[in-house]
Amino acid sequence: MIPYDFMETEKKWQKIWEESKVFCVTNDFSKPKYYLLIEFPYPSGNGLHVGHPRSYVALDSIARKRRLQGFNVLYPIGWDSFGLPTENFAIKNKIHPKIVTKHNIAHFKEQLKALGLSFDWSREVNTTDPKYYKWTQWIFSRLFERGLAEKRNTSVNWCVSCRCVLANEEVIAGKCERCNNEVIQKTKSQWILKITEYAQRLIDDLDLVDFPERVKQQQKNWIGRSEGALIKFKTTCGKDVEVYTTRPDTIFGATYLVLAPEHELVDLYSENIENIKEVLNYRLESSRKSDFERSEVVREKTGVLIKGIKAVNPLDGREIPIFLADYVLSNYGTGAIMAVPAHDERDLEFASKFGLDVNKVVKEDGLHINSEFLDGLDITQAKIRVTEELKRRGLGESKVNFRLRDWIFSRQRYWGEPIPIINCPKCGFVLEKNLPLELPEIQNFECSQCGESVLESSDWADVECPQCGDRARRETDTMPQWAGSSWYFLRYLDPLNDDALASPESLNYWLPINWYNGGMEHTTLHLLYSRFWHKFLYDIGVVPVPEPYAKRTSHGVILGENGEKMSKSRGNVVNPDEVISEYGADVMRLYEMFMGDFETAAPWSTQSIKGCKRFLEKFWDLQRIISGEVEIRAGMLNVLHKTIKKVDEDMEHLKFNTAIASLMTLVNIFRKSDSITREELKILTILLNPFAPHITEELWNVAHLGSGRITDQSWPKFDPEAIKDEEIEIVIQVNGKVRGRLKVNEMITQSELILLAKKEPVIERELNGKQVLKEIYFPKKLLNFVTYCH
RNA sequence: GCGGACGUGGCGGAAUUGGCAUACGCGCCAGGUUUAGGUCCUGGUGGGAAACCGUGCAGGUUCAAGUCCUGUCGUCCGCACCA
């Protein structure tokens, strides 16, 4: 075996690529474009772990392939660097988050560069750079102008430990996504973005894009569209209570109403409520509960009867009681429901506990009973009929509801984009005109006032109102981490532009993103948020397409050797630096693509990676057996072209593991034949290049396989003639069991084949004494003799 | 509870429209090279003495089922009182 020094070779080629700027891309309109995107990393203090590169290497191999196919390829990289861990580290160690970020980015950069990824480093973006967040603030300003950003008093998720508001998407099972501590509900004045106004379009436009079905489903689920009706119930205090229901057809089975604890009726008619003390007490108790507690207490229903006020069923005039209960949520629908215990499990549970009536109005066969004019109708008919009737009488209307909530956009933190708003006592909210509005330099990042941003106590917040000149206050909340990542893919197109977030020409040329790969964990966060922002930018004419990502794929997580999620606390983290220093970047890249199905989680194996090392060594050793012959030998034509086809197609379908397996098979064939021609080696080397770019460039060079470098070559195309088999092997079965194989000419007819097969000793013996009822021939594959019938 | 994915050797995993189950790799076994170990090379490797049996389990459709249908068990992920 010829030895191969990966350490030196990889450094050498990385330097050549960097110096020749071969991966820096220009807006060359004469070429077809291809825009590949990976989720830019959050530069944490822990550095890269082996999970990150799975996505990067996969799209890097596609990027390299596309370049060889003649595309103008954009494959950029940047840093999503605002965020809590950095700020927390800064507080703890008394270092400015800016310094921490700079340091972390330098470390990440070094690690990424060691992988030989073909990023265009000249377009690097950084969300914490004022030149970048100038445009994040600009987009917020446009949202504000169009009424899509507003400050609102809302019940919010409050992380007790981070002392910060969280979006719904950041609360995992009642706990903070970041620190895993308790999250409680708190009412606070917050900036929100009205993503709910885009709910329907975010569902509809999924039809325009090529996303995995699981991603589309999860987004649809999260948006949670439901069709139902709003119905007004009169009450004895004079105020109507409006409820939302998806089953208006069951209205004759409504035996009580339930209001969320926060419902306004309690405030407006407190003097009518005989047990107001008890009611307010219940409200207080449930507000103290965190979401986690609410769901943890095995859903034992609680509630309190409102004494002194009754509701009236709008259709049959029956008086029914009203309850307050926290199984009804204040922020969904109208915060009030009509309870139909006969046809809703939760209502039934509550009714059983409080001894309330259960009126059955739909039979097992789905037809209505005890429902006046709905009797005999099925559910669909009854829904339509009752909604019509309610509308005619002015008591209700059909209504579409979404589970999606507006996006709470304020964070009481320092290390985020300042919200460019000034609050003037006279003029109200006024936009800051001079962007970027930079974060002030401060010394101490620890929040002094609990629950407010540290910026609150800085004199930066004291300003003159740009409209009237009076004293005013800046908004001291900052944007959430998801802000900068909601549009970063646009900045890559024109990263230095100071007059626009990107020029119209570059937006027109590069959008949409052809292929975006990232993790499933972002499906209802980043992926949804960025689609929302993009649609907004489309509506105001900034971007030319309604959807940013034409195609989205998702990689599986890389697990620790024990099959568990990799984490510091589990002690099963594999450090990529160590893998690279032991095996080199090519082996690492190859293994990450070979280890299993790309879309499924797979455990790391320090054993299996050796197979990839051996493979590359065998490949390198092929130069030892280069024959005098130059062209592709007749005997190799077929297998070589089949491999071209296989690698090409598998890569397009994320089947990187089988693409590599076919390359391994090919190398084994050449080794066995103990020779390889230059032309054969040339094709093999180009096919392997996207996965193992360093060793292939080096072999190309030392074996003089052609002029220039591989980056100057073209991706091979398979010849349909060459992959045809002249001689094919046909499986011979008797009653579905394999009894033999025959090598025959491709052109053989069915009758010729049957004669030939019957002469085979084994087949002859099997068929002896049996009557062949039929012969089934599956062309070019299989022949089955059937001697019985069912 | 709702939504989604999945179940194939000792392990990671292959298997277009139903058509040779276990490609490729790891591991293991035997032999070779080596002062020795590792590396490396060659061969073997689902079970069974065999007929045969084998893709979580039980049925079904079919000439033919890992693949399709019905039921069932189990695992993983997301959401979770959304009326």
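Here's a quick rundown of the structure. Along each chain, numbering runs from 1 in the same order as the chain's sequence is written. Written order decides the labels, with chains lettered from A and ligands numbered from 1. Thresholds applied to this predicted model are a pLDDT of at least 70 for local features of residues and 80 or more for the giving and counting of side-chain atom pairs; totals over whole chains, interfaces and linings are not thresholded and use all residues. Excluding hydrogens and water, the side-chain values take into account all heavy atoms of the structure.

1. Concerning the protein's contact with RNA strand B
What surrounds RNA strand B is a group of 55 residues, the closest being Thr246, Lys301, Arg346, Met595 and Arg741. Within 4 Å of the protein, the contacting atoms of RNA strand B are drawn from sugar and phosphate to the extent of 64%. Contact distances for RNA strand B include 3.0 Å between a phosphate oxygen and a side-chain N or O atom of Ser226. Counting residues per element, the ones that place at least two in the surface near RNA strand B are helix H7 (213-223), strand S11 (241-245), helix H18 (609-621), helix H20 (656-673), strand S26 (727-734), strand S27 (737-745), strand S28 (774-778) and strand S29 (782-786). Helix numbering and strand numbering both begin at the N terminus, where a helix is a DSSP run of H or I of at least 4 residues and a strand a DSSP run of E of at least 2. Top contributing element to the surface near RNA strand B by residue count: H20, with eight residues. Amino acids outside the nonpolar list (Ala, Val, Leu, Ile, Met, Phe, Trp, Tyr, Cys, Pro) and the charged list (Asp, Glu, Lys, Arg) are all regarded as polar, and Gly is one of them. Classifying every residue of the surface near RNA strand B gives 20 nonpolar, 16 polar and 19 charged. In this text, near means that some heavy atom of the residue lies within 4 Å of the molecule or strand in question. Here a polar contact is taken to be a pair of N or O atoms separated by no more than 3.5 Å, where protein atoms must pair a possible hydrogen donor with a possible acceptor and residues adjacent in sequence count only if both atoms sit in side chains.

2. Details of the pairing of S27
The sheet contact formed by S26 and S27 spans eight bridges and is antiparallel. The residue bridging Ile730 from the neighbouring strand is Leu742, located in S27. Note: two strands are recorded as paired if DSSP finds a minimum of 2 bridges between them. Taking the residues between adjacent antiparallel strands as the criterion, S26 and S27 are bridged by two residues, where Asn735 takes a positive phi near 50°.

3. Remarks on the packing of aromatic side chains
A pair of aromatic rings is counted whenever rings of Phe, Tyr or Trp (Trp by its six-membered ring) have centres within 6.5 Å, and the orientation is called stacked for planes under 30 degrees apart, edge-to-face for over 60 and tilted otherwise. Applying the stated criterion across every chain yields a total of 43 aromatic pairs. Ring geometry for Tyr516 versus Tyr549: centroids 4.5 Å apart, planes at 40°, classification tilted. On the criterion of sequence distance, the pair formed by Tyr516 in strand S22 (residues 515-518) and Tyr549 in the loop between helix H15 (526-539) and strand S23 (552-554) is long-range, its members being 33 residues apart. Only protein chains enter the accessibility calculation, which uses a 1.4 Å probe. A residue is then buried if its area is under 20% of the maximum for its type, exposed if over 50%, and partly exposed in between. Of the residues examined, Tyr516 reaches a relative accessible area of 0% and is grouped as buried. Joined through ring pairs, the aromatic side chains of Phe140, Phe144, Trp191, Tyr198, Trp407, Phe409, Phe429, Trp482, Tyr529, Phe532 and Trp533 make up one cluster. Either the NZ atom of lysine or the CZ atom of arginine qualifies as a charge over a ring when it sits within 6 Å of the ring centre and within 35 degrees of the ring normal. The aromatic ring of Trp515 is capped on one face by Lys551, whose charged end is 3.8 Å from the ring centroid. One residue, Arg552, lies across the ring of Tyr516, its end atom 4.8 Å from the ring centre.

4. Some thoughts on unusual backbone geometry
Each neighbour pair has its own omega, and for Leu435 with Pro436 the value is 0°, a cis peptide bond. Residue placement: Pro436 occurs in the loop between strand S19 (428-431) and strand S20 (462-464). Omega for the peptide link from Leu511 to Pro512 comes to -5°, which places this bond in the cis form. Here Pro512 is to be found in the loop between helix H14 (504-510) and S22. Of note in the backbone geometry, Leu654 takes a positive phi value of approximately 65° without being a glycine. Its location among the elements puts Leu654 in the loop between helix H19 (634-652) and H20. Among the residues examined, Leu654 registers a relative accessible area of 7% and is labelled buried. Positive phi, close to 60°, is recorded for Asp674, a residue that is not glycine.

5. A closer look at the nonpolar core
In plain words, nonpolar cores are sets of buried Ala, Val, Leu, Ile, Met, Phe, Trp, Tyr and Cys residues tied together by side-chain atoms within 4.5 Å. Core analysis: the largest hydrophobic core is formed by 77 residues, its most contacted members being Leu112, Trp604 and Leu684. It is H20 that provides the largest number of residues to this core, a total of eight residues. The contact rule is simple, with two residues in contact once any of their heavy atoms fall within 4.5 Å. In contact with Leu684, not counting residues within four places along its chain, are Phe619, Leu622, Leu663, Leu666, Val667, Phe670 and Ile676. Listed in part, the 63 residues of the second largest apolar core include Val125, Val209, Trp510 and Tyr516.

6. Some points on the environment of Leu455
By the secondary structure assignment, Leu455 is in the loop between S19 and S20. For the pair Leu455 and Glu729, spaced 274 residues apart in sequence, the C-alpha to C-alpha distance is 76 Å. Ignoring sequence-local partners within four residues, the contact set of Leu455 consists of Tyr414, Leu439, Pro440, Trp460, Ala461, Thr476 and Thr478.

7. Description of the pattern of salt bridges
Opposite charge on two side chains allows them to pair when their charged atoms are near. The term salt bridge refers to a side-chain nitrogen of Lys or Arg lying within 4 Å of a carboxyl oxygen of Asp or Glu. Under the defined criterion, the tally for this structure stands at 49 salt bridges. A salt bridge links Arg142 to Glu145, with the shortest nitrogen-to-oxygen separation between them at 2.8 Å. Taken together, the residues Arg142 and Glu145, both in helix H5 (residues 130-145) and three residues apart, mark about one turn of the helix. For Glu145, a relative accessible area of 47% translates into the label partly exposed. Put simply, Glu475 and Lys151 hold a salt bridge, and the shortest N to O gap is 2.9 Å. Taken together, the residues span a long stretch of sequence, with Glu475 in the loop between strand S21 (471-474) and helix H13 (488-491) and Lys151 in strand S5 (residues 149-159) at a distance of 324 residues. By relative accessible area, Glu475 is classed as buried at 7%. Here Lys151 falls in the partly exposed class, since its relative accessible area comes to 28%. Connected via shared salt-bridge partners are Lys65, Arg66, Asp648 and Glu652.

8. Points about the sheet that holds S26
The strand order across the open sheet formed by four strands is S27-S26-S29-S28, and the pairing between neighbours is mixed. The open sheet has two edge strands with one neighbour each: S27 and S28. Sheet twist, expressed as the mean angle between neighbouring strand axes with direction ignored, is 20°. Where S26 and S29 come together, four bridges link them in parallel fashion. What sits directly across from Gln733, in S29, is Asn784. Angles run from 0 to 180 degrees between N-to-C directions of axes, and those axes are lines fitted to C-alpha atoms, restricted for helices to the stretch in contact.

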